[in-house]
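# Architecture and fold: a report
So you can see what is in the structure, the chains are spelled out below.
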Amino acid sequence: MTPTTPTSPASRVRPAVRRVVSLVPSLTEAVAATAPELLVGATDWCEHPADLDVVRVRGTKNPDVARIVALAPDLVVANEEENRAPDLGALRAAGLDVLVTEVRTLEQAFAELERVLVRGCRLARPGWLDDARDAWRDVRAEGPLTRAVVPVWRRPWMVLGRDTFAGDVLARLGVANVHAGHGERYPRVPLEELNSCGAELVVLPDEPYRFGADDGPESFPGLPSALVSGRHLTWYGPSLVRAPAVLGAALRAAGR
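Keep in mind that what you see is a predicted model, and the values were worked out from it rather than measured.

The rules behind the values
- Residues numbered from 1 in each chain as written.
- Predicted model: local features only at pLDDT ≥ 70, side-chain atom pairs only at ≥ 80, totals over all residues.
- Heavy atoms only, no water.
- Pairing = 2+ DSSP bridges.
- Helix = DSSP H or I, 4+ residues; strand = E, 2+ residues; numbered from the N terminus.
- Contact = heavy atoms within 4.5 Å.
- Axes fitted to C-alpha atoms, helices over the stretch in contact; angles between N-to-C directions.
- Parallel < 35°, antiparallel > 145°, perpendicular 65-115°, else oblique.
- Nonpolar A, V, L, I, M, F, W, Y, C, P; charged D, E, K, R; others polar.
- Salt bridge = Lys/Arg side-chain N within 4 Å of Asp/Glu carboxyl O.
- Buried < 20%, exposed > 50% of the residue type's maximum accessible area, 1.4 Å probe, protein only.
- pLDDT = per-residue confidence, 0-100.
- Left-handed = near helix turned anticlockwise from the far one by under 90°.

### Describing the sheet that holds strand 5 (residues 98-101)
With respect to topology, five strands assemble into an open sheet ordered 3-2-1-4-5, the strand pairing being parallel. Taken across any chain shown, the strands that pair with only one partner, and hence form the sheet edges, are strand 3 (55-56) and strand 5. Of the pairings in the sheet, the one linking strand 1 (residues 20-22) to strand 4 (residues 75-79) comprises three bridges and is parallel in character. Note on strand 4: the bridge partner recorded for Val21 is Val76. Helix 3 (residues 85-93) rests against strand 4 and strand 5 of the sheet, and its axis sits at about 155 degrees to strand 5. Against the sheet, helix 4 (residues 106-120) engages strand 4 and strand 5, with an angle of about 165 degrees to strand 5.

Okay, structure coming up:
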């Protein structure tokens, strides 16, 4: 019998990735902007790019596991906050490769995007990711931060709490989340408490709840309101390129 030589991990050829299902809107847009031909499935909430034509697999919190398995993806990309562990476990149990990201800061977003696209999808580092880093490189708060309350839902009222990507983005733009020290990441806080927490500003994104000029500011009569793009505040992907300019303009319009 001819002896065999064990193959070292470094010498093994990793299989090509030709089919990707994304369970996160931000990551869907990131893959679509880099190699759209890879995407075969995405959630119903994946609205960017607008012309995305792939199989829809329901929502981030209730994905159709059977449909995803039937698509036979080489990789499923997910997020520990957006997606539920039991669903991801079911996909793994079906034999699928699932890459789960964690994004709680801007720097973590850059690192995880590279992990998904370069190490996960086996793609070259995209130019837009370098553009996004460049856009944020010199963004830093000048002077004392403006204390703000940042609702993300009403009925009941919910706000940004600790360790959130959006909170880190706002801090870089000179806005301190009043509830950043809360024990929960998205706590429910009564409106009376929000209005008495010492905030100097209320930041109202248009997603996940669609706050607008006629829906939100009236609840904070003593505070200036900054109506901001939820996509530029909470998404990590190509939207990061324009996020400093878009969010900065909205904050300046509110007198921040």
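### Here we look at the packing of helix 4 against helix 6 (residues 165-172)
Think of two packed helices as two axes; the pair is described by the angle between the axes and how far apart they sit. Between helix 4 and helix 6, the least distance of the axes is 8 Å, while the angle of their chain directions is 120 degrees. The angle between helix 4 and helix 6 places the two elements in the oblique class. Here helix 4 contributes Leu106, Glu107 and Ala109 to the contact with helix 6, which in turn contributes Phe165, Asp168 and Arg172. Considered class by class, the residues forming the contact of helix 4 with helix 6 number three nonpolar, no polar and three charged.

### Focus: the pattern of salt bridges
Between side chains of opposite charge, a pair can form as their charged atoms come close. Going through the model one piece at a time under the given rule, you end up with 14 salt bridges. Across the salt bridge formed by Asp64 and Arg58, the nearest N and O atoms sit 3.8 Å from each other. Accessibility expressed as a relative area gives 40% for Arg58, which makes it partly exposed. Asp134 is the salt-bridge partner of Arg137, the closest N and O atoms lying 2.3 Å from each other. Note that Arg137 and Asp134 are positioned in helix 5 (residues 127-137) at a spacing of three residues, about one turn of the helix. Since its relative accessible area comes to 43%, Asp134 is described here as partly exposed. Connected via shared salt-bridge partners are Glu114, Arg125 and Asp130.

### A closer look at the confidence of the model for the chain
Per-residue confidence for the chain averages 94 on the pLDDT scale, and 94% of its residues sit at or above 70. Low confidence marks residues 1-11, where pLDDT is under 50. Its contacts with residues over four positions away, or in another chain, come to one contact.

### Some details on the sheet that holds strand 11 (residues 225-228)
One open sheet accounts for four strands, arranged 9-6-10-11; its pairing is parallel. One side of each edge strand has no neighbouring strand; the edge strands of this open sheet are strand 9 (175-177) and strand 11. Averaged over all pairs of adjacent strands, the angle between their axes in this sheet comes to 40 degrees, without regard to strand direction. Strand direction decides the pairing type here: strand 6 (residues 146-149) and strand 9, joined by three bridges, are parallel. By the bridge assignment for strand 9, Arg147 is matched with Ala176.

### As for the packing of helix 1 (residues 25-34) against helix 4
Remark: helix 1 packs on helix 4, axes separated minimally by 11 Å, with the N-to-C direction vectors making an angle of 50 degrees. Relative to helix 4, the element helix 1 is oriented oblique. Remark: the crossing between helix 1 and helix 4 carries right-handed chirality. Across from Leu27, Ala30, Val31 and Thr34 in helix 1, the residues of helix 4 making contact are Leu113, Val116 and Leu117. Among the residues forming the contact of helix 1 with helix 4, the class breakdown is six nonpolar, one polar and no charged.

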